[in-house]
Amino acid sequence: MSQLQLNNITVNIGETAIVRSVSLLLEAGEIGCLLGPSGCGKTTLLRSIAGFQPLRQGTITIAGKVMSAAQTLVAPESRGIGMVFQDVALFPHLTVAENIAFGMRKATTAEKNQRVDELLVRIGLPGYQARYPHELSGGQQQRIALARALAPRPSLLLLDEPFSSLDAELREKLAVEVRQLLKQEGITALLVTHDQQEAFAMADKAGVMYQGELLQWETPYQLYHQPRHQLVADFIGHGVLLQGVVNTSGSLASPLGMLEHSALRDIVGGTPVSFLVRPDDIVPDDSSRLRGIIKARGFRGAHNLYSVELSPGIEILTLSPSHEQLQVGMEIGLRPEFDHLVVFAADHCELPGFETEPPVVSPLPEAQSA
Ligand SMILES: Nc1ncnc2c1ncn2[C@@H]1O[C@H](COP(=O)(O)OP(=O)(O)OP(=O)(O)O)[C@@H](O)[C@H]1O
C-alpha cells in the first residue's frame, strides 16, 4: 500500500494556482525529494500535505486515509505527520530528552525514556539527554529536531530544507546519516531541498517542480539520465542542450557531427530538435577532428570541468582529471562518447526511445571549422 498519494492536486492561494495538477506516490518506507527553482511551489505542496493548505482539486491520501480533498481537510495534528523545518525550533528551556519526547503525549515515562535513549544512539549523540539546546552545535540541534519528529513514529515525515543553514560538508554527511536513520526506522519521508547532491544522496524518488507543476517523478538516476522534459534536463546536473535538425534519412545534423540512432528514423525529416550533452558524454581526445577552444575551467575536486567553445555561441562541457591541467584558451580535441541519447522536440518533451542505445557520431565537415 502506498503511504503517500497525491492525486491530481491543485492548491490556490487567492485566485492563483500555486500547485497545479500534481500527482505523486511514495510507497511505505520510501524517501522522496522535491527539487525546483525558488518560488515553484515546493513549500506550498508540503504545507498542503501537512494540512495547512486546503485543496482546490484532487486528493491527498496518507496511509490509506483521505486527508485532503476539495471538501475535506483533516486537521494537521490529526494526520500523524512529523515535520522538520529549516529553522530548528527546539524548546530552549527543555532538555534534549524533554525536547525529543515532547510529541509522545500518550506514552509512559518508561516508554519515553527508552525511545529517547534509542534515538540518541541512532543519531550519534548518546548521553546527551540532560543537555540544553544552547549547548549544542547547529548540526547537533538539527539531529535533535529530527529525533523529536521521529519519536512518536509518524506515518509520514515532511522535511523542508532541513539542512540549509549548515555548511556544505556537514549537509552532505547529515543527508547520508538521515537516510540511514529513516531506513532503520522504516519511515516514509518527503524532503524539499535546493541541493541536488542532497536529493541524490537521500532519495528513492525525486521530482522537479516548475511553476507549480511536477515535471517528472522518478528515481534520481532517471532524472539525470532520462529527463523527460527539457527543463528537467536543464535543472538537474551539468549539461548543455544542443540544437540540431533531423534530416530525411533519419540522422541528426548537429554541432558535434552527424548523429545516427535507430529512434531518429521515427522523426519526420526537417524537424528541429535539441539534445542533451552531459560533461561525461564528451571526452578530451587530441586525435579527434572535433576541435574547440577552452573558455573556462572549474575545479571539482577529482576533476576539472571545462567549458569548450566549438563555434561562436556553441559551448559544451567536458571533464578531465584535475591533475591534467588544460589551460583556458587552449585548443583541444573532443570525442563524443554517448551512452544513450536524450532528444527533445520543440514542445520540450522527450521523444521516446533514445534511452537504451548510444548514437553513432560521425564528424560533419562544417563542425570542424570552429
Ligand atoms: N501566503 C502567500 N500569499 C501569496 N502568495 C504566496 C503565499 N505563499 C506563497 N506564495 C507564492 O507561491 C509561490 C510558491 O511559493 P513556495 O514557497 O511554495 O515556493 P518554493 O518552491 O518553496 O520556494 P523556495 O524554494 O524559495 O522556498 C511563490 O510565487 C510565492 O510568492
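All of these numbers come straight from a predicted model, not from anything done at the bench.

Student: How should the site of the ligand be read in this particular structure?
Tutor: Looking at the ligand, the residues that line it are Ile13, Ile18, Gly36, Ser38, Gly39, Cys40, Gly41, Lys42, Thr43 and Thr44. Take the shell around the ligand: its biggest share by element is 3 residues, from helix 1 (residues 42-50). Partitioning the shell around the ligand into residue classes produces 3 nonpolar, 6 polar and 1 charged.

Student: Got a minute to help me understand the nonpolar core in this structure?
Tutor: Nonpolar side chains in soluble globular proteins generally cluster together in the buried interior. Judged by nonpolar contacts, the single largest core of 92 residues is most densely connected at Ile100, Ala147, Leu158, Leu190 and Met202. In terms of residues, this core owes the most to one element, helix 4 (residues 138-150), which gives 6 residues. Two domains each provide a minimum of three residues to this core, namely domain 1 (2-232) and domain 2 (238-345). Excluding residues that lie within four positions of it along the chain, Leu190 makes contacts with Leu4, Leu26, Gly32, Leu34, Leu46, Ile49 and Leu158.

Student: Explanation requested: the domain arrangement of the protein in the structure shown.
Tutor: Interface extent is often summarised as the accessible area lost during association of the parts. Parsing the protein into structural domains produces domain 1 (2-232) and domain 2 (238-345). For domain 1 versus domain 2, the separation of C-alpha centres amounts to 38 Å.

Student: Mind showing me how you'd approach the packing of helix 4 against helix 5 (residues 168-185) here?
Tutor: A pair of packed helices is captured by two measures, namely the crossing angle of their axes and the spacing between those axes. Packing of helix 4 against helix 5 leaves a shortest axis separation of 12 Å and a crossing angle of 20°. By the criterion of interaxial angle, the relationship of helix 4 to helix 5 is roughly parallel. In terms of crossing hand, the pair formed by helix 4 and helix 5 is right-handed. Where helix 4 approaches helix 5, its residues Gly139, Gln142, Leu146 and Leu150 are matched on the opposing element by Leu170, Leu174, Val178 and Glu185. Here the residues of the contact of helix 4 with helix 5 sort into 5 nonpolar, 2 polar and 1 charged.

Student: For this particular structure, what's the right way to read the sheet that holds strand 16 (residues 282-284)?
Tutor: Within a sheet, adjacent strands bond to each other through the backbone by hydrogen bonds, running parallel or antiparallel. Spatially, the 5 strands line up as an open sheet ordered 16-20-17-18-19, and their pairing is antiparallel. Either end of the sheet is taken by a strand with one partner, and the two such strands are strand 16 and strand 19 (314-321). Neighbour-to-neighbour, the strand axes of the sheet open up by a mean angle of 45°, direction not taken into account.

Student: What's the story with unusual backbone geometry in this structure? I'm lost.
Tutor: Across residues other than glycine, the phi torsion is negative in most instances, and most of the peptide bonds are trans. In this model, Ala63 sits at a positive phi of 50°, which is unusual for a non-glycine residue. For Ala63, the location among the structural elements is in the loop between strand 4 (57-62) and strand 5 (65-69). For Ala63, a count of 16 C-beta atoms within 10 Å gives the class partly exposed. Phi is positive for Glu161, which is not a glycine, with a value near 45°. In this fold, Glu161 is placed in the loop between strand 8 (156-160) and helix 5.

Student: What should I look at first to understand the confidence of the model for the protein in this one?
Tutor: In regions of low pLDDT, the predicted coordinates are not meant to be interpreted in detail. When the pLDDT values of the protein are averaged, the result is 89; 95% of them are 70 or greater. No element of the protein has a lower mean pLDDT than strand 22 (residues 360-362), at 79, and none a higher one than strand 4, at 97. Here the complex is predicted with pTM 0.84, and the ipTM for its interfaces comes to 0.93.

Student: Explain the sheet that holds strand 11 (residues 213-218) to me, please; I cannot follow it from the model alone.
Tutor: With mixed pairing, the 6 strands of this open sheet are ordered in space as 7-8-9-3-10-11. A strand with exactly one partner marks an edge of an open sheet, and here the two such strands are strand 7 (81-85) and strand 11. Within this sheet the neighbouring strands show an average axis-to-axis angle of 15°, counted without direction. As paired elements, strand 8 and strand 9 (residues 189-192) share 4 bridges and run parallel to each other.

Student: Is there a simple way to explain the environment of Ser249 in this structure?
Tutor: For Ser249, the location among the structural elements is in the loop between strand 12 (240-246) and strand 13 (251-254). Judged by the 10 C-beta atoms lying within 10 Å of it, Ser249 is exposed. Separated by 89 residues in sequence, Ser249 and Phe338 place their C-alpha atoms 21 Å apart.

Here is what the cut-offs are and how they apply
- Residues numbered from 1 in each chain as written.
- Predicted model: local features only at pLDDT ≥ 70, side-chain atom pairs only at ≥ 80, totals over all residues.
- Near = placed C-beta within 6 Å.
- Helix = DSSP H or I, 4+ residues; strand = E, 2+ residues; numbered from the N terminus.
- Nonpolar A, V, L, I, M, F, W, Y, C, P; charged D, E, K, R; others polar.
- Core = buried A, V, L, I, M, F, W, Y, C linked by C-beta atoms within 7 Å.
- Buried ≥ 20, exposed ≤ 12 C-beta atoms within 10 Å, placed from the backbone.
- Domains from an automatic or database assignment.
- Contact = placed C-beta atoms within 7 Å.
- Axes fitted to C-alpha atoms, helices over the stretch in contact; angles between N-to-C directions.
- Parallel < 35°, antiparallel > 145°, perpendicular 65-115°, else oblique.
- Left-handed = near helix turned anticlockwise from the far one by under 90°.
- Pairing = 2+ DSSP bridges.
- pLDDT = per-residue confidence, 0-100.

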